[in-house]
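An overview of the molecular structure
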Number of protein chains: 2
Amino acid sequence: MKSTIPESGVPIAQPAAGNGGDRQEASLHGEILLRLRDYVVEGNIPEGARVPERQLCEMLGISRTPLREALKVLASEGLIELLPNRGARVRQLSARDIEELFELMAGLESLAGRLACEAITDEEITAIERLHYEMYGHYLHRDMHLYFQINQRIHESIVAAARNETLKTAYANFAGRIRRVRYAANFARKRQRWAEAMREHEAILDALRRRAGSELSDVLFQHLRNKRTAAIEHLSEDGDGTPEAARHGD
Amino acid sequence: MKSTIPESGVPIAQPAAGNGGDRQEASLHGEILLRLRDYVVEGNIPEGARVPERQLCEMLGISRTPLREALKVLASEGLIELLPNRGARVRQLSARDIEELFELMAGLESLAGRLACEAITDEEITAIERLHYEMYGHYLHRDMHLYFQINQRIHESIVAAARNETLKTAYANFAGRIRRVRYAANFARKRQRWAEAMREHEAILDALRRRAGSELSDVLFQHLRNKRTAAIEHLSEDGDGTPEAARHGD
DNA sequence: AAGCCAAAAAATGAATGCAGAATAACGTCG
DNA sequence: CGACGTTATTCTGCATTCATTTTTTGGCTT
């Protein structure tokens, strides 16, 4: 049997106690949607692999109807592809696709920064400052894993401070699409780039403190664009490997 | 009054010769999706109105299965709402929703401008200049309709020049969501605001010519933000509706 | 007559069934 | 022995059917 889906994990098919921050908790197709989305985003299905409906139905213990509804939605979100009469495949992102997504994310976060400057409270800035220093500590200790975790939280905080739910949703959507490669992108950072990123983060914080919207917008965009560049380089260097650098000890 | 959908028009239910620039032309649910999306975006269904599946099925001459798939997608696109066990409704945008969408559109177009500066050709700039002067003519003649038409094309040209299909798609998606109110937003422009918009457009063109990415990003954002403000003011002036306005198409 | 409860009708959500396409399996021919 | 054409199986796409939920309608009580 050429099961494209690893049956070992079985992260789906459980009651799924508390679902995430999305609507549609009640209906079955909504539940399925949330689980399938997570399942795909987490990378449980190899890229470009065929996703047989039958198998997923058994996995989820449901009929094909709600599953197919969920698949349509996932396709509209850009996570999977629906080939006519040939089923669903996990969307394979070309290098250009990834580049475009990074640009888009940079634009959205740049926008978030600009908006945040108009609405952010001193308390929120203080919170971000705390995160920043914590991140700096991880940087000094060369703890990439924790560093990226905090880094993520900082960027999320900025998006949250923009006070724009629509933006937040869109941001989350696109973030989901590139989540796999984003992982690689993070580890693409060499020492030098890492130091650079830290300096950029200080500039971000500085602009935020001064509520300098345009400036923050600019700095954020450049920061994320650099990240993108690093990611692209990394991807073209070695297809997928996450070598010794992946161990956060260093 | 039960039938929330005007049966007179019947713009759907035809062979639908050439469908638009989207994928999924082959499958039935894809076809349905395109038609339903247009149908909703064009404002054929009153806002907040219930959309009975049965009626749409008859209208489209299909069974409920593909229709429901299309509805799920439209919901994920934000055009309609799916209330559990209570059917689909055309999404009612609150003032805040509209504001958020305008901000988002401004951000996307601001991003487009920045990216465009890196890739745009002289020919494209010349084309936009031509559009600009044409628009200026309509401005002088106080021809709002043609003015807005050209205005739209200019903004589309900028998005196209960004060379980012993902951005373009996202832009189109959000544009669809606010298409109704956007029309109102255009006519919200009073004389004074109109002159201001013209000046801003010149600044946009100027920054574009110099390929000044950050600057163009800034100018575009402010330009669209002003537009937004005008729209919001306009909406709060005469509460809701503008049903007759929707007639004129674009 | 107004309000409320109950039963009927209709609509939604999900499962099953069926036709057509695509893939796999098989046998034949070169 | 390999390539190709044919058949069989699997899978997708849509329609139909079944089970709940909601909404309506009718009747009853106050």
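Quick note: structure is the one above.
Sequence order as written defines residue numbering, which begins from 1 separately in each chain. Whichever chain is written first is A, and whichever ligand is written first is 1; the rest continue in order. Given that this is a predicted model, residues contribute local features only at a pLDDT of at least 70 and side-chain atom pairs are listed and counted only at 80 or more, while totals for whole chains, interfaces and linings are drawn from all residues. Excluded from the side-chain calculation are hydrogens and water; included are all heavy atoms of the structure.

A side-chain nitrogen of Lys or Arg and a carboxyl oxygen of Asp or Glu constitute a salt bridge if their distance falls within 4 Å. Under the definition given, this model contains 37 salt bridges over all chains. A salt bridge links R114(A) to D218(B), with the nearest nitrogen and oxygen atoms 3.0 Å apart. One end of the pair, R114(A), is in helix α4 (residues 95-119); the other, D218(B), is in helix α10 (residues 213-237), on a second chain. The partner of E200(B) in a salt bridge is R193(B), with the nearest N and O atoms 3.2 Å apart. For the pair shown, E200(B) and R193(B) are each scored as buried. Through salt bridges that share partners, E53(A), R64(A), R68(A), K72(A) and E69(B) make up one connected network. Here a strand is any run of E in DSSP of at least two residues, a helix any run of H or I of at least four, and the numbering for each starts at the N terminus. Relative accessibility under 20% of the residue-type maximum defines a buried residue, over 50% an exposed one, and the middle range a partly exposed one, all with a 1.4 Å probe and only protein chains included.

What follows is about the interface of chain A and chain B. Residue contacts are defined here by distance: any two heavy atoms, one from each residue, within 4.5 Å place the two residues in contact. Contact with chain A, which involves 35 residues of that partner, is made by 35 residues of chain B. The three residues of chain A that bury the most area against chain B are K72(A), R114(A) and T166(A), which together make up 18% of that side's buried surface. Between N or O atoms, a polar contact is any pair within 3.5 Å; within protein, one atom must be a potential hydrogen donor and the other a potential acceptor, and residues adjacent in sequence are included only when both atoms are from side chains. There are 17 residue pairs in polar contact (both at pLDDT 80 or more) connecting chain A and chain B. In terms of residues, the side of chain A that touches chain B owes the most to one element, α4(A), which gives 12 residues. Only Asp, Glu, Lys and Arg are considered charged in this grouping, and only Ala, Val, Leu, Ile, Met, Phe, Trp, Tyr, Cys and Pro are considered nonpolar; every other residue, Gly among them, is considered polar. Its residues assigned to classes, the side of chain A that touches chain B comprises 12 nonpolar, 10 polar and 13 charged. In this description, buried area is defined as the sum, over both parts, of the accessible area (probe of 1.4 Å) that is lost when the two are combined.

Let's shift gears to the protein's contact with DNA strand C. Whether a residue is near a molecule or strand depends on its heavy atoms: it is near if one of them lies within 4 Å of it. Around DNA strand C lies a shell of 18 residues, among which L28(A), S63(A), R86(A), R64(B) and R68(B) are the nearest. Each atom of DNA strand C within 4 Å of the protein was assigned to sugar, phosphate or base; sugar and phosphate come to 71%. A distance of 2.9 Å separates a base nitrogen of DNA strand C from a polar side-chain atom of T65(A). A distance of 3.3 Å separates a phosphate oxygen of DNA strand C from a polar backbone atom of N85(B). At 3 residues, helix α3 (residues 64-76) of chain A tops the list of elements feeding residues into the surface near DNA strand C.

Residue and element names in this part refer to chain A. One requirement defines pairing of two strands: DSSP has to find at least two bridges between them. The antiparallel open sheet is built from 3 strands, whose spatial order is β1-β3-β2. Every other strand in the sheet has two partners, leaving β1 (50-51) and β2 (80-83) as the edge strands with one partner each. One ladder, built from 4 bridges, connects β2 with strand β3 (residues 87-90); its direction is antiparallel. Counterpart to I80 in the pairing with β3 is V90. The strands that α3 touches are β2 and β3; relative to β2, the one it contacts most, it runs at about 115°. Lines fitted to C-alpha atoms define the axes here, with helix axes fitted over just the stretch in contact, and angles between the N-to-C directions of these axes take values from 0 to 180 degrees.

Interpretation in functional terms is not warranted from these geometric data alone.
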